[in-house]
Amino acid sequence: MLLSAIVPMTLLAGAWSMAPKADVGIEVASYNTGLRNRLQSYERIAPKVVIVSMFSPEAEVWYRNLPNSTVGDILANNITVPGLSPLYPHVHCNERGEVCQFTVGESEINAAVSMTALVLSGLFDLSKTYFLLAGIAGINPKLGTLGSVALSRFSVQVALQYEIDAREMPTNFSTGYLPYGAYAPNEYPSTIYGTEVMEVNENLRDAAAALAQRAELADSVGAADYREKYREDSGAYAAATNGPSVIRCDTATADVYYSGTLLSEAFENTTKLWTNQSTITYCASAQEDSATLQALMRAAVWGSVDFSRAILMRTGSDFDRPPPSISAFQHLRIMDQNGFDIAIQNIYLAGVEIVKGIVTDWNSTYHDGIKPTNYIGDILGTLGGEPDFGSGSWFGGARFSPESSTEVGLQKRRVFTGRNGRRAGGWK
């Protein structure tokens, strides 16, 4: 069905627009009072998949290649959504409206605001939509390599901590990062903000990984040459020397584009501690995922989306730490790792297999969803159940109810952990 048949053009004036394909020079429709009420009487676009990109190269690889796939041209319909980034003001959908894509912008603030704008716009029925978060990332050479496709269960906001300049940290500290309310880097935070850890549907993650494994991933001679530098280590970086493959591991979110062995090891330890795991599972560093997932989870509270349908995929564009023979600065700013191009290509090559798999098997598998058997949601237990990390649900295992009149946050503020007669955290 054409989208013009779904949403009458009389509604488009003053509410949203079917903009031309080029983003340059498009006039963004202003928010119209009563827009939500007017939309109630019309059938909204109900995509099976929304592809979430972070910046232009991650988006353009879909624009270039999807017309040659069974999905078709993702720029067939271009919808202006109030509140999206002024750099990326449109949601793009194929002719049937089954698959859409938009770009949230880089960093946590952009990602959270853009995703919130989409889910609250009222222009889409997202109740059964799968969200494929698909971007490039730094890659941990202990678990992956340039071009690797990482599907994650956890996203951890690793920099949500105190920070002491490493030159001034205590001699028995391994890092200048210190969890809120803690007195040592290896202690669990006692002051909780609620966004520290996000956990998604592991069964869906595994299904997406199986679909991604159908792809023949891109590689290059230049990337292979840089991988060889990691052979100098005595086995710890064996994964870095292999060609790209689909891996299952976890993602760190931080606005800071960090690089180097000390920071990367600190954050891999943070991920292990905060997710309550016994082994290192951190493999990808990015700037948006926890923010995007938090926005989706809050929309799920109100029934706008199904959080169990979020898929977190990252491809390795650069190593998060240097090989033994190269300094951290040279690795970050001087050397060409030759991973960017193949990482961008592998977003599409792996991602399109996931998209096609969902659309093709919609009736038999994906319409009703893949039921999670693990906990899903945030560290607070907002969606119900007991988190398998942290200090337990703030809501007694029940799902947070929008009808609740209780300010749980105010109650928890009054309860703080004492240590040596002091408050561990308090208001900080």
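In what follows, the accompanying structure is described. Just so you know, these numbers come straight off a predicted model, no measurement behind them.

1. Observations concerning the packing of aromatic side chains
Consideration 1: One pass over the structure, following the stated rule, counts 13 aromatic pairs.
Consideration 2: Centroid distance Tyr230 to Tyr237: 5.6 Å. Interplanar angle 70 degrees. Geometry classified as edge-to-face. For the pair shown, Tyr230 and Tyr237 are each scored as buried.
Consideration 3: Among the aromatic residues, those joined into a ring-pair cluster are Tyr226, Tyr230, Tyr237 and Phe319.
Consideration 4: Taking the ring centre of Trp362 as reference, the NZ or CZ of Lys48 above it sits at 5.3 Å.

2. Some details on the pairing of strand S4 (residues 99–103)
Consideration 1: Counting buried positions along S4 yields five of five residues, so the element is predominantly enclosed.
Consideration 2: Pairing of strand S1 (residues 49–53) with S4, which is carried by five bridges, proceeds in the parallel orientation. Bridge assignment links Val49 to a residue of S4, and that residue is Val99.
Consideration 3: When strand S3 (residues 90–93) meets S4, the two strands line up antiparallel, connected through two bridges. When the bridges of S4 are listed, His92 appears paired with Gln101.
Consideration 4: Following S3, the chain reverses through five residues before pairing antiparallel with S4; Gly97 in that reversal takes a positive phi of roughly 75 degrees.

3. Considering the nonpolar core
Consideration 1: Among the nonpolar cores identified, the biggest contains 42 residues, and Trp62, Leu132, Met313, Ile354 and Tyr366 are the most heavily contacted of them.
Consideration 2: When contributions to this core are tallied by element, the ones reaching two or more residues are S1, helix H4 (56–65), strand S5 (130–139), strand S6 (149–152), helix H6 (202–212), strand S14 (310–319), helix H11 (340–360) and helix H12 (362–366).
Consideration 3: Element by element, the count of residues in this core is highest for H11, at nine residues.
Consideration 4: Once residues within four sequence positions are removed from consideration, Tyr366 is found in contact with Tyr130, Leu204, Ala207, Leu211, Arg309, Gly357, Ile358 and Asp361.

4. Remarks on the pattern of salt bridges
Consideration 1: Using the criterion set out here, one finds 19 salt bridges in the structure.
Consideration 2: The partner of Arg96 in a salt bridge is Glu98, and the shortest N-O contact between them spans 3.0 Å.
Consideration 3: We classify Arg96 as partly exposed; its relative accessible area is 41%.
Consideration 4: Note that Arg248 and Asp206 form a salt bridge whose closest N and O atoms lie 3.1 Å from each other. In this pair, Arg248 sits in strand S11 (residues 246–248) while Asp206 sits in helix H6, placing the two residues 42 residues apart along the sequence.
Consideration 5: The partly exposed category is assigned to Arg248, whose relative accessible area is 43%.
Consideration 6: Look at the salt bridges and you will find they share partners, linking Arg153, Glu199, Glu202, Arg205, Asp206, Arg248 and Asp388 into a network.

How each quantity is defined
Residues numbered from 1 in each chain as written. Predicted model: local features only at pLDDT ≥ 70, side-chain atom pairs only at ≥ 80, totals over all residues. Heavy atoms only, no water. Phe/Tyr/Trp six-rings, centres within 6.5 Å; stacked < 30°, edge-to-face > 60°. Buried < 20%, exposed > 50% of the residue type's maximum accessible area, 1.4 Å probe, protein only. Lys NZ or Arg CZ within 6 Å of the ring centre and 35° of its normal. Helix = DSSP H or I, 4+ residues; strand = E, 2+ residues; numbered from the N terminus. Pairing = 2+ DSSP bridges. Core = buried A, V, L, I, M, F, W, Y, C linked by side-chain atoms within 4.5 Å. Contact = heavy atoms within 4.5 Å. Salt bridge = Lys/Arg side-chain N within 4 Å of Asp/Glu carboxyl O.

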